[in-house]
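Overview (structure and organization)
This is what each chain is made of:
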Amino acid sequence: METAFTPLMSFGGGMLIGLGAVMLMLGLGRIFGATGILSGAVFAENRDEMTWRLALILGMILAPGLIFAVTGAMPALTVHASPAMIVIGGVIVGLGASLGSGCTSGHGVCGLSRLSVRSLVAVPTFMATAAITVFLIRHVFGG
Amino acid sequence: MKYLFALLTGLVFGTGIAISGMMDPAKVLNFFDIAGTWDLSLMFVMGGALVVTFIGYRLVWRRTQPLFEQRFQVPTSPLIDSRLIGGSALFGIGWGIAGFCPGAAIPALGTGRWEVALFLISVTGGFFIRRWVSPTPKQATT
């Protein structure tokens, strides 16, 4: 399915993502990595570690509601993957991102901004395997 | 105050995810589908985020400490090992299968779609598998 090319909205949204990352560093001195935040909330070592992460997660979850309140429409979200693929993909994402210590936000946004050597290796790696996976699913297996 | 700041930070990040198109798996997967219905938009998401974060981090680091904590906690390991490469490779495969990554799925939960909840439950399951197959001492994750 075709999706519209949205350079301005995407760049503007990206700037807000960056602002969120900068705010977390300013306020709490932490990297905004969604994997670390989620796993840190699940396996929190103390009440404070859990509370700030849950507050952050709650704020993220409120965002579509804010968009709806302002524009009258929820953000577009089209899922083609079957429930089985969502589960398989999700488990692999959780396993891989925690093994590799980061995902798109942690390595991609925060790590690259810090010029982290690990992130400079991680980002091309997951971009490449994602592209290969999409190619195989769509063009080889014809999903 | 610290927790309110965290909530506001999450709201800003999540709004960015929603506006940018990152929340939509159809758009994300099209970014990777160079041979098919290619949509370059996500390159602009990354560009916008990197410009702000690259400059913003350097301004913030002029301070001696964050607003609500004693110190900045930034990972410093330079270690390039099989965990980093293998884990990242796996992450990309999962991202390509489902079309969601954690940073996009958490805000997407606010749309109330069951697919997103199913994905995030599965991601959490993946965290448990990781602790089971590869237990490690506590380290800073990004």
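Attention in this report is confined to the structure presented alongside it. Just so we're clear, the structure is a prediction, and the values are computed from it rather than from any experiment. (Residues numbered from 1 in each chain as written. Chains lettered and ligands numbered in written order. Predicted model: local features only at pLDDT ≥ 70, side-chain atom pairs only at ≥ 80, totals over all residues. Heavy atoms only, no water.)

Some words on unusual backbone geometry
- The backbone phi angle of Ser101(A) is positive, close to 60°, even though this residue is not glycine.
- Counting through the fold element by element, Ser101(A) comes out in the loop between helix H4 (83–99) and helix H5 (104–113). (Helix = DSSP H or I, 4+ residues; strand = E, 2+ residues; numbered from the N terminus.)

Brief notes about the side chain of Thr111(B)
- Along the polypeptide, Thr111(B) turns up in the loop between helix H5 (102–108) and helix H6 (114–133).
- At 2.6 Å, the side chain of Thr111(B) and the backbone oxygen of Ala108(B) are in polar contact.
- If we ignore the near neighbours within four places in the chain, the residues touching Thr111(B) are Pro64(A), Met74(A), Pro75(A), Leu77(A) and Met23(B). (Polar contact = N/O pair within 3.5 Å; in protein donor to acceptor, adjacent residues only side chain to side chain. Contact = heavy atoms within 4.5 Å.)

So, the packing of helix H3 (residues 47–71) of chain A against helix H1 (residues 2–20) of chain B
- Taken N-terminus to C-terminus, the directions of H3(A) and H1(B) make an angle of 40°; their axes are 6 Å apart at the nearest point. As summarised for this structure, H3(A) and H1(B) are arranged oblique, according to the angle between their axes. Here H3(A) and H1(B) pass one another in a crossing that is right-handed. Across the interface between the two elements, Asp48(A), Thr51(A), Trp52(A), Ala55(A), Leu56(A), Leu58(A), Gly59(A), Met60(A), Leu62(A), Ala63(A), Leu66(A) and Ile67(A) of H3(A) pack against Lys2(B), Tyr3(B), Ala6(B), Leu7(B), Thr9(B), Gly10(B), Leu11(B), Phe13(B), Gly14(B), Thr15(B), Ala18(B) and Ile19(B) of H1(B). (Axes fitted to C-alpha atoms, helices over the stretch in contact; angles between N-to-C directions. Parallel < 35°, antiparallel > 145°, perpendicular 65-115°, else oblique. Left-handed = near helix turned anticlockwise from the far one by under 90°.)

A short note on helix H1 (residues 7–28) of chain A
- Taking 1.5 Å of rise per residue, the 22 residues of H1(A) would be expected to cover 32 Å, and the 31 Å separating its terminal C-alpha atoms lies within 8% of that figure.
- Immediately beyond the C-terminal end of H1(A), within one or two residues, lies Gly29(A), with a positive phi of roughly 70°. (Expected span 1.5 Å × (residues − 1).)

Some remarks on the interface of chain A and chain B
- Between chain A and chain B, the contact holds 108 residues from the first and 112 residues from the second.
- Across the contact surface, chain A and chain B share two salt bridges.
- Asp33(B) is the partner of Arg138(A) in a salt bridge, and the nearest nitrogen-oxygen pair spans 2.8 Å.
- Linking chain A with chain B are 27 residue pairs in polar contact (both at pLDDT 80 or more), by the criterion used here.
- For the side of chain A that touches chain B, the elements supplying multiple residues, two or more each, are H1, helix H2 (34–42), H3, H4, H5 and helix H6 (117–140) of chain A.
- Take the side of chain A that touches chain B: its biggest share by element is 20 residues, from H1(A).
- Its residues assigned to classes, the side of chain A that touches chain B shows 67 nonpolar, 34 polar and seven charged. (Salt bridge = Lys/Arg side-chain N within 4 Å of Asp/Glu carboxyl O. Nonpolar A, V, L, I, M, F, W, Y, C, P; charged D, E, K, R; others polar.)

Structural notes on the pattern of salt bridges
All names here are of chain B.
- Counting across every chain of the model gives seven salt bridges over all chains.
- A salt bridge links Lys-27 to Asp-39, with the nearest nitrogen and oxygen atoms 2.7 Å apart. Here the residue Lys-27 occupies a position in helix H2 (residues 25–32), and Asp-39 occupies one in the loop between H2 and helix H3 (41–60), the gap between them amounting to 12 residues. Here Lys-27 matches Asp-39 in class, with each residue buried.
- One salt bridge connects Arg-113 with Glu-115, and the closest N-O pair in it is separated by 3.2 Å. (Buried < 20%, exposed > 50% of the residue type's maximum accessible area, 1.4 Å probe, protein only.)

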